[in-house]
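This is what each chain is made of:
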Amino acid sequence: MSTRKRRSTASAIALAAAVTTGATLLLTGCGPTTPAPVSSSAAATVPASAPPSSPSGANPPAASGSAAPSARPSASATGGGAAPVPNGTGGSGLTISDGTDYVVMNGTRVDFGTVVRDLSWNPAGTRAAFIDGSGNLVVADPDGSGRTVVAHNPGDQVWSHPAWQVMPYDSRDQLPAKDNIIFADSVNGVSRLVAVPATGGTPAPITLNADFGSGVPPLPQTGNTWPNTGGVHGTAVYTNTGTGEVYLRDDFLRQMGSPQTPGSEPALAPDESEIVFVRSVAGHDHLFELSLQAQHPAPKDLTPTADTDYTEPAWSPDGRTIAARTPAGIVTLAADGTGAPVLVAPSTGLPAYRG
């Protein structure tokens, strides 16, 4: 049964689903002060000659204090010196973090005053979450101000890929509001999913039980990484390095995880209807889309003619566009797979969208 169909009949189940809760985050609508616009060149299709990146799924856990898995070394990583012109991000909500102090957004580079790794945004786009140079989980305003350490890394762990889990109070099913940050915690190379209230606290392991129904194998408790969230029901996706599969976790249904399809680096659509993920095909990383509404969906290859690697996908807030990383820079493409990917920024790093 599809996720959407299950959700429509899940009110009774959902009464027992209230797991973590944090105080509702007081959001402010401030954004970065934008300098004079940077001149933008015409967008171009991805060059076929771009060298391939490391295969997705082959990112080993980083050593303590080093860059998180998504912060792959690239020629664009700078410490504030010369940097590629950040074309294509003006007015789109697209942001790019590359493991330096600078985040590309709105056609410029914003100095956050600290290392920014694996940046993600709350649904309103008013607060950013990231891992700083000390490995701590930090939130900040879009201009880099108002930085707050949500959780202090004890020093022997590698944290990566924070994702906001925001859910309003559900009066019908009496489910409390949620305002958490989920991320991957690696200790001695063993990765687990943990969560912490966005207001601060001590990260706690996320419980992963088997899906309801007979004959369902136990869910892997370790090797889970790359969490990503979407929608208003606390739904998340993640990947497991041991099984090589993408998993769906739905707190609203008390469905504590179920494998969906082979792949890595998943991103959940804003309306929770689809997952986009990475899968290797004929020596290149392709982007695939999987519907969560069909009963027996077949993944759709969004980049069937890829002659470069497409990795680390991110959804636009309206669900119409997907941004992804390539060796040449950040590209965007239609979420329905029509048209060719277009290079919008030569900066290489992790793409994310502000709400």
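Residues numbered from 1 in each chain as written. Predicted model: local features only at pLDDT ≥ 70, side-chain atom pairs only at ≥ 80, totals over all residues. Heavy atoms only, no water.

## Some words on the side chain of D118
With respect to the helices and strands, D118 occurs in strand β5 (residues 117–121). No salt bridge is formed by the buried D118. Its closest oppositely charged neighbour is R117, at 7.5 Å. (Helix = DSSP H or I, 4+ residues; strand = E, 2+ residues; numbered from the N terminus. Buried < 20%, exposed > 50% of the residue type's maximum accessible area, 1.4 Å probe, protein only. Lys, Arg positive; Asp, Glu negative; His and termini not counted. Salt bridge = Lys/Arg side-chain N within 4 Å of Asp/Glu carboxyl O.)

## Regarding the pattern of salt bridges
Summed over the entire model, instances satisfying the criterion amount to 2 salt bridges. The salt bridge partner of D141 is R127, with a shortest N-O separation of 2.7 Å. Note that D141 is positioned in the loop between β7 (137–140) and β8 (148–151) and R127 in the loop between β5 and β6 (128–131), a separation of 14 residues in sequence. Of the two residues, D141 and R127, neither departs from the other in class, the shared state being buried. With a closest N to O distance of 3.7 Å, R325 and E312 form a salt bridge. A residue pair is termed long-range when its members are at least 10 positions apart, and R325 in strand β22 (residues 321–326) and E312 in strand β21 (residues 311–315) qualify at 13 residues.

## Looking at the packing of aromatic side chains
Applying the stated criterion to the full structure yields 4 aromatic pairs. Taken together, a centroid distance of 5.9 Å and an interplanar angle of 80° make the contact between F112 and F130 edge-to-face. Residue F112 is found in the loop between β4 (108–111) and β5, and its partner F130 is found in strand β6; the two are separated by 18 residues along the sequence. Judged on exposure class, the residue F112 and its partner F130 are both buried. Note on F277 and F288: the rings are 5.8 Å apart at their centroids and 20° apart in plane angle, and the pair reads as stacked. In this pair, F277 sits in strand β18 (residues 274–281) while F288 sits in strand β19 (residues 284–291), placing the two residues 11 residues apart along the sequence. (Phe/Tyr/Trp six-rings, centres within 6.5 Å; stacked < 30°, edge-to-face > 60°.)

## Points about the confidence of the model for the chain
Here the chain averages 79 in pLDDT, and 73% of its residues register 70 or above. Predicted confidence is poor over residues 1–43, with pLDDT under 50, and the contacts of this stretch with residues over four places away or in other chains come to 92 contacts. (pLDDT = per-residue confidence, 0-100. Contact = heavy atoms within 4.5 Å.)

## Here we look at the side chain of S258
Topologically, S258 is positioned in strand β16 (residues 255–262). Judged by its relative accessible area of 9%, S258 is buried. A distance of 3.0 Å separates polar atoms of two side chains, one belonging to S258 and the other to Q260. (Polar contact = N/O pair within 3.5 Å; in protein donor to acceptor, adjacent residues only side chain to side chain.)

## A word on the sheet that holds strand β20 (residues 300–301)
With antiparallel pairing, the 4 strands of this open sheet are ordered in space as β17-β18-β19-β20. On the outer flanks of this sheet lie β17 (264–268) and β20, each paired with one strand and no other. Where β19 meets β20, 2 bridges bridge the pair, whose relative direction is antiparallel. The residue bridging E289 from the neighbouring strand is K300, located in β20. (Pairing = 2+ DSSP bridges.)

## Focus on the nonpolar core
In this structure, V276, L287, L302, W315 and I322 are the most contacted members of the largest nonpolar core, which totals 15 residues. Where this core is concerned, the elements lending two or more residues are β18, β22 and β23 (329–334). In this structure, V276 is in contact with E265, P266, A267, L287, F288, E289, L302, P313, W315 and I322, ignoring residues within four places of it in sequence. Core analysis: the second largest hydrophobic core is formed by 13 residues, A129, I131, F183 and A198 among them. (Core = buried A, V, L, I, M, F, W, Y, C linked by side-chain atoms within 4.5 Å.)

## A closer look at the layout of surface pockets
Of the pockets and cavities examined, the largest pocket occupies roughly 750 Å³. The element best represented in the lining of the largest pocket is strand β9 (residues 158–167), accounting for 6 residues. (1 Å grid on protein atoms, 1.4 Å probe; cavity = no way out; pocket = protein on both sides within 12 Å on 5 of 7 lines; lining within 4 Å. Points joined across faces, edges and corners; volume = space filled by probe spheres on them.)

## Considerations on the sheet that holds β7
Backbone hydrogen bonds are what pair the strands of a sheet, in a parallel or an antiparallel way. Reading across from one edge, β5-β6-β7-β8 is the order of the 4 strands in this open sheet, with antiparallel pairing throughout. Edge positions in the open sheet fall to β5 and β8, since each of these has one partner strand only. On average, each strand axis in the sheet is inclined to that of its neighbour by 30°, with strand direction left out of account. Judged from the 3 bridges that link them, β5 and β6 form a sheet pairing that is antiparallel. Within the sheet, the bridge partner assigned to S120 lies in β6 and is A129. (Axes fitted to C-alpha atoms, helices over the stretch in contact; angles between N-to-C directions.)

## Some remarks on unusual backbone geometry
Positioned with a positive phi, N188 is a non-glycine residue whose angle comes to about 55°. The backbone of E312 sits at a positive phi, close to 50°, despite the residue not being glycine.

## Describing the pairing of strand β13 (residues 224–230)
Counting buried positions along β13 yields 6 of 7 residues, so the element is predominantly enclosed. Relative to strand β14 (residues 235–240), β13 runs antiparallel, the two being bridged by 5 bridges. Looking at the pairing, N228 lines up with V237 of β14. Counted between consecutive antiparallel strands, the loop separating β13 from β14 contains 4 residues, among which G231 sits at a positive phi close to 75°.

## Let's talk about the environment of A140
Assignment of secondary structure puts A140 in strand β7. Residues A140 and F130 lie 10 residues apart in sequence; the distance between their C-alpha atoms is 8.5 Å. Those residues in contact with A140, other than ones at most four positions away along the chain, are F112, T126, R127, A128, F130, S145, G146 and R147.

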